Protein chains: 2
Amino acid sequence: MCEASAYIIDGDNQELIMEAVDSVEPEDDGYKLINIFGEQKFIKGTIHSLSLVDHKIFLTKS
Amino acid sequence: MCEASAYIIDGDNQELIMEAVDSVEPEDDGYKLINIFGEQKFIKGTIHSLSLVDHKIFLTKS
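Computed from a predicted structure; not experimentally measured.

On to the environment of A:Val21, then. Locating A:Val21 in the fold gives a position in strand S2 (residues 13-27). A C-alpha to C-alpha distance of 8.8 Å links A:Val21 and A:Cys2, two positions 19 residues apart in sequence. Look past the residues within four positions of A:Val21 in its chain and what remains in contact with it is A:Glu3, A:Ala4, A:Ala6, A:Leu33, A:Ile34, A:Asn35, A:Ile57 and B:Leu52.

Shown next as structure tokens:
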């Protein structure tokens, strides 16, 4: 499986906010993260970067 | 390996622009895509959505 962990980056800090993320969908002024267990989390912000081989998604809050 | 294919979405159309994408990094007013072969492509636009279990990244051009 190729799900990833999602992190909020703030300066040099990375905060893990969700594991096993499958889909990331635009919603209002942010993104809705959905993991393989069906859990959802809304992040007001943008997708900063991806490192898929490392299974990482980085977002920044707005 | 968990690389993905990157698509530009334009209405109902999806155009495949790069396969085996590993990393997506912010650059200027867009994103630089880098695949596992070291090839790079710059897209002026934003990340629209992700479907990682399907190995798909969707971007929209600005």
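A few words on the interface of chain B and chain A. At the junction of the two partners, chain B supplies 21 residues and chain A supplies 21 residues. Looking at the side of chain B facing chain A, the largest losses of area belong to B:Cys2, B:Leu50 and B:Leu52, adding up to 38% of the total buried there. Our count for the chain B to chain A interface comes out at zero salt bridges. Counting every contact that joins chain B to chain A gives eight residue pairs in polar contact (both at pLDDT 80 or more). In terms of residues, the side of chain B that touches chain A owes the most to one element, strand S2 (residues 13-27) of chain B, which gives six residues. A class-by-class count of the residues in the side of chain B that touches chain A yields 13 nonpolar, five polar and three charged. In terms of strand pairing, strand S4 (residues 40-51) of chain A meets S2(B) through two bridges, oriented antiparallel. Paired with A:Ser51 across the two strands is B:Ser23, which belongs to S2(B).

Glancing now at the state of the cysteines. Each disulfide is one covalent bond, formed between the sulfur atoms of two cysteines. Applying the stated rule across the entire model yields one disulfide over all chains. The disulfide partner of A:Cys2 is B:Cys2, and the S-S distance across this bridge is 2.2 Å. Between A:Cys2 and B:Cys2, the disulfide has an S-S torsion of -75° and is therefore left-handed. Highlighted residues: A:Cys2 in the segment before strand S1 (4-10) and B:Cys2 in the segment before strand S1 (4-10), drawn from two different chains. Overall, A:Cys2 belongs to the buried group, its relative accessible area being 10%.

Moving on to the pattern of salt bridges. For side chains bearing opposite charge, pairing can occur when the charged atoms are close. Residue and element names in this part refer to chain B. With the rule as written, the count across this model stands at four salt bridges over all chains. The salt bridge partner of Glu 27 is Lys 32, with a shortest N-O separation of 3.8 Å. We classify Glu 27 as partly exposed; its relative accessible area is 30%. Since its relative accessible area comes to 18%, Lys 32 is described here as buried.

Turning our attention to the relation of the copies chain B and chain A. With an RMSD of 0.0 Å, the operation that places chain B on chain A is a rotation of 180° combined with a shift of 0.0 Å along the axis. Both copies are brought into coincidence by an operation consistent with a two-fold rotation axis. Taking C-alpha positions as the reference, the residue of chain B nearest the rotation axis is B:Cys2, at 2.6 Å. Of the interface residues in chain B, 100% have counterparts in chain A that sit at the interface too, so the contact is made through matching surfaces.

Parameters at a glance
Residues numbered from 1 in each chain as written. Chains lettered and ligands numbered in written order. Predicted model: local features only at pLDDT ≥ 70, side-chain atom pairs only at ≥ 80, totals over all residues. Heavy atoms only, no water. Helix = DSSP H or I, 4+ residues; strand = E, 2+ residues; numbered from the N terminus. Contact = heavy atoms within 4.5 Å. Buried area = accessible area lost by both parts, 1.4 Å probe. Salt bridge = Lys/Arg side-chain N within 4 Å of Asp/Glu carboxyl O. Polar contact = N/O pair within 3.5 Å; in protein donor to acceptor, adjacent residues only side chain to side chain. Nonpolar A, V, L, I, M, F, W, Y, C, P; charged D, E, K, R; others polar. Pairing = 2+ DSSP bridges. Disulfide = S-S within 2.5 Å. Buried < 20%, exposed > 50% of the residue type's maximum accessible area, 1.4 Å probe, protein only. Least-squares fit on C-alpha atoms with pLDDT ≥ 70 in both.

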